[in-house]
Amino acid sequence: MGLEIERKFLVADDRWRNAVTYSERMLDGLIARFGESKVRVRIAGETASLTVKGPRKGLGRAEFEYEVPLSEATDMLATLCDGPLVEKTRYLVPHGDVTWQIDVHEGLLEGLILAEVELEHEDQVFARPEWIGPEVTGDPQYKKANIFAHHSKAPEHSNDLKQST
């Protein structure tokens, strides 16, 4: 079984940009939600995946990810996704023993920047860079299910793929 253990933070300033080693544009859509679990489709660069995530237990959750053909992911985003799509660029920033993922949101969530770090175990100690702000791991307004309600710049949302291709 795959296991995802992550912590999520706000970003205090732009100093992280000097340490970026990689970046990739992403487009995410929610296909299904059942209880505390979900199925997401994602296009990241020229690859696509379906991800099934289970309910959180502490900082961890079951996670299963499967590569799918890009054309099928594009069709799923256009026809199966419930709610607005998440548009973002993900930047990788190594710091200490971990690599931070900085998500700079675009489109309806423009201006929202979140930093995530994936851990090997829940009590793993890691160095926090000076540019990391407050932790929002347990804050409901930063869960993907609630993010548009709390952070969107537009009153209405659509499932529009016009910027994804």
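Residues numbered from 1 in each chain as written. Predicted model: local features only at pLDDT ≥ 70, side-chain atom pairs only at ≥ 80, totals over all residues. Heavy atoms only, no water.

Asks: With reference to specific residues and values, describe the overall build of the protein.
Replies: Counting its secondary structure elements, the protein contains 2 helices and 9 strands. Evaluated residue by residue, the protein yields a buried proportion of 42% over its 165 residues. Residue pairs in contact within the protein that sit at least 24 positions apart in sequence constitute 60% of those at least 6 positions apart. When the accessible surface of the protein is totalled, it reaches about 9000 Å², and 50% of it is carbon and sulfur. (Helix = DSSP H or I, 4+ residues; strand = E, 2+ residues; numbered from the N terminus. Buried < 20%, exposed > 50% of the residue type's maximum accessible area, 1.4 Å probe, protein only. Contact = heavy atoms within 4.5 Å. Areas by Shrake-Rupley, 256 points an atom, 1.4 Å probe, with all protein chains shown as cover.)

Asks: Could you give me a rundown of the nonpolar core, with the residues and numbers involved?
Replies: With 17 residues, the main nonpolar core has Trp16, Trp100, Ile102, Ala115, Val117, Phe126 and Trp131 as its most contacted residues. Elements that contribute at least two residues to this core include exactly strand 1 (3-11), strand 6 (86-95), strand 7 (98-105) and strand 8 (113-118). The biggest single contributor to this core is strand 7, with 4 residues. In this view, Trp16 contacts Val11, Tyr91, Val93, Ile102, Val104 and Trp131; residues no more than four positions away in its chain are not counted. Ranked by size, the runner-up nonpolar core spans 10 residues in total, among them Val41, Ala73, Met76 and Cys81. (Core = buried A, V, L, I, M, F, W, Y, C linked by side-chain atoms within 4.5 Å.)

Asks: So what's going on with the pairing of strand 5 (residues 60-68)? Residues and values would help.
Replies: Here 3 bridges tie strand 1 to strand 5, and the two strands are oriented antiparallel to one another. Looking across to strand 5, one finds that Leu3 is bridged to Ala62. By the bridge criterion, 6 bridges tie strand 4 (residues 47-53) to strand 5 in an arrangement that is antiparallel. Looking at the pairing, Ser49 lines up with Glu67 of strand 5. Connecting strand 4 to the antiparallel partner strand 5 that follows it, the hairpin turn spans 6 residues, and Gly58 within it adopts a positive phi of roughly 70 degrees. (Pairing = 2+ DSSP bridges.)

Asks: Give me helix 1 (residues 70-79): which residues, what numbers.
Replies: When we look at burial in helix 1, the residues that qualify are Ala73, Met76 and Leu77. The buried residues of helix 1 occupy an angular sector of 100 degrees when the element is viewed end-on, so they sit on one face. Relative to its buried face, helix 1 has exposed residues pointing more than 90 degrees away, namely Ser71, Asp75 and Thr79. On the buried face of helix 1, the contacting elements are strand 2 (22-34), strand 3 (37-44), strand 4 and strand 5. (Arc of directions from axis to C-beta.)

Asks: Before we move on, can you summarise the pairing of strand 2 with the specific residues and values?
Replies: Here strand 2 pairs with strand 6 via 7 bridges, running antiparallel. Looking at the pairing, Leu27 lines up with Glu87 of strand 6. One ladder, built from 8 bridges, connects strand 2 with strand 3; its direction is antiparallel. Within strand 3, the position partnered with Ala32 by the bridge is Val39.

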